[in-house]
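Tertiary structure, described
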Amino acid sequence: MKILITGISGMLGVDLYRVLRGESHKAPKVLRDKYEIVGLDTKDFPFPSPLREEGSGEGEDESPSPPIHKVDITDFKAIKELFSQLIPDFVIHTAAYTDVDGCEKNPDKAHKINAAGAQNVALLCWKLDIPLMYISTDFVFGGESKVPYAEFDEPCPINVYGKSKLAGEEYVKSLLDKFFIIRTSWLYGRWGKNFVETILKLAREKSELKVVRNQVGSPTYTLDLSQQIKKLLLAYEEQKSALYGIYHITNSGSCSWYEFTQEILRLADIKDVKVVPITSKELARPAARPQFSVLNNYRLKRKLGSSMRQWKEALKDYLKKE
Ligand SMILES: NC(=O)c1ccc[n+]([C@@H]2O[C@H](COP(=O)([O-])OP(=O)(O)OC[C@H]3O[C@@H](n4cnc5c(N)ncnc54)[C@H](OP(=O)(O)O)[C@@H]3O)[C@@H](O)[C@H]2O)c1
């Protein structure tokens, strides 16, 4: 199966590539060759390549980084050419403008990349009859709920990022029958700027950190999400259309950013930094955030009988640099 991953050089894209490729050079070659992965991004794949870094033997894995096509998803002509040249069997669309406050300040850019860009990808998938997996976000919800949002709950985004990602979802749903929409939340991973690394950096520089306590969500490790996506793909090869639709995939359990910070510092054994809980009003960032955006992974359990591990376990592994 030839899979095109858009945004392959991003935080999730790199882990998805690693996992779909068989995770490391130690995986049997047959597993590594199960999927032919091709990447699309505006930037280079981060080097050193993860597979090479893990110490593949000489000659064992000569070209561990994926072929990357430097194409902008907002350039319809360019991605049309690429799709006709590659004819992938499956597309995973992770590319997005993910700076939430940046989106608030540049709404046109947010809609161009997150909505119109997704529409371009969905249109080509429709033309060429290619199944599409679109990665979306907990920020499509407004945060008024007191219980975790299920896949069938009505989205109601409160910021530009959420609105632009929801518009992307709408294009995918209206153009395609063969689609997956994967909503995830509070991502952190080895290959991108993320909250965990920000806290560790600040903890080295300051004796006191002020962190928001009135936003609750589920921190999710990109490696765990990638493994779950792989399980879904493997099941899809057997069951096909029975699996299409929206899925919520996050690590289990939930916390506030304040509790997340306390756990990061505890696991990193940093004791001399005081964490002060504040409200989002006090922080006054450009984009509003949902106060509660925990996602019920209902369809994952129902369709795959699968569940994600607790966020604290995943964080522990991440900090061990698994
Ligand atoms: N991060 C989170 O907490 C979070 C939470 C929920 C859902 N998500 C969703 O998960 C997906 C992956 O997120 P991530 O955190 O891995 O994002 P990321 O690290 O920002 O990766 C996105 C990649 O897409 C590239 N890209 C941006 N605009 C592009 C364009 N016009 N054409 C082609 N490539 C483009 C980016 O390049 P540049 O870096 O050069 O722009 C980057 O390499 C996104 O769809 C996001 O909405 C993320």
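Refer to the structure above for everything that follows.
Residues numbered from 1 in each chain as written. Predicted model: local features only at pLDDT ≥ 70, side-chain atom pairs only at ≥ 80, totals over all residues. Heavy atoms only, no water.

Some words on the pattern of salt bridges
Applying the stated criterion to the full structure yields 13 salt bridges. A salt bridge links Lys320 to Asp317; the nearest nitrogen and oxygen atoms lie 3.5 Å apart. Overall, Lys320 belongs to the exposed group, its relative accessible area being 58%. The buried category is assigned to Asp317, whose relative accessible area is 15%. The network of salt bridges with common partners includes Asp224, Arg309, Asp317 and Lys320. (Salt bridge = Lys/Arg side-chain N within 4 Å of Asp/Glu carboxyl O. Buried < 20%, exposed > 50% of the residue type's maximum accessible area, 1.4 Å probe, protein only.)

Looking at the sheet that holds strand S2 (residues 36-41)
As summarised here, the arrangement of the seven strands in space is S3-S2-S1-S4-S5-S6-S11, forming an open sheet in which the pairing is parallel. Sheet topology places strand S3 (68-70) and strand S11 (245-248) at the edges, where each strand pairs with a single neighbour. If you compare each strand with its neighbour and ignore which way they point, the axes differ by 20° on average. With six bridges connecting them, strand S5 (residues 132-137) and strand S6 (residues 179-184) associate as parallel partners. Directly across from Tyr134, in S6, lies its bridge partner Ile181. (Pairing = 2+ DSSP bridges. Helix = DSSP H or I, 4+ residues; strand = E, 2+ residues; numbered from the N terminus. Axes fitted to C-alpha atoms, helices over the stretch in contact; angles between N-to-C directions.)

Examining the state of the cysteines
A full pass over the atoms with the stated rule returns zero disulfides. Cysteine Cys103 remains unbridged, with the sulfur of Cys156 as its closest cysteine sulfur at 18 Å. Taking relative accessible area as the criterion, Cys103 reaches 0% and is therefore assigned buried. (Disulfide = S-S within 2.5 Å.)

Considering the site of the ligand
Among the 26 residues in the neighbourhood of the ligand, the closest are listed as Leu12, Lys43, Thr98, Tyr161 and Lys165. In the environment of the ligand, a nitrogen atom lies 3.0 Å from a nitrogen or oxygen atom belonging to the backbone of Ile73. Protein contact buries 82% of the 890 Å² of open area that the ligand shows by itself. Elements represented by at least two residues in the shell around the ligand include exactly helix H1 (11-21), S2, S5 and helix H7 (160-175). Among the elements that take part in the shell around the ligand, S5 stands out by supplying three residues, more than any other. Classifying every residue of the shell around the ligand gives 12 nonpolar, 10 polar and four charged. (Near = heavy atom within 4 Å. Polar contact = N/O pair within 3.5 Å; in protein donor to acceptor, adjacent residues only side chain to side chain. Areas by Shrake-Rupley, 256 points an atom, 1.4 Å probe, with all protein chains shown as cover. Nonpolar A, V, L, I, M, F, W, Y, C, P; charged D, E, K, R; others polar.)

Some points on the nonpolar core
Counting residues in each nonpolar core, the largest one holds 33 residues, and the members touching the most others are Tyr188, Val196, Phe260, Ile264 and Leu315. The set of elements that each furnish at least two residues to this core consists of helix H5 (100-105), H7, helix H8 (195-205), strand S8 (208-212), helix H10 (257-267), strand S13 (274-278) and helix H13 (311-319). If one sorts the elements of this core by residue count, H10 sits on top with five residues. Excluding its chain neighbours within four sequence positions, the residues that come into contact with Ile264 are Phe195, Val196, Ile199, Leu200, Leu315 and Leu319. Formed by 30 residues, the second largest nonpolar core is a distinct cluster that contains Leu16, Ile229, Leu232 and Leu243. (Core = buried A, V, L, I, M, F, W, Y, C linked by side-chain atoms within 4.5 Å. Contact = heavy atoms within 4.5 Å.)

What about the environment of Gly117?
Within the fold, Gly117 resides in helix H6 (residues 107-128). Classification of Gly117 by relative accessible area gives buried; the value is 0%. It is 21 Å that separates the C-alpha atoms of Gly117 and Leu187, two residues lying 70 residues apart in sequence. Among all residues touching Gly117, those that are not within four sequence positions of it are Ile73, His93 and Lys112.

In short, geometric facts, not functional conclusions.
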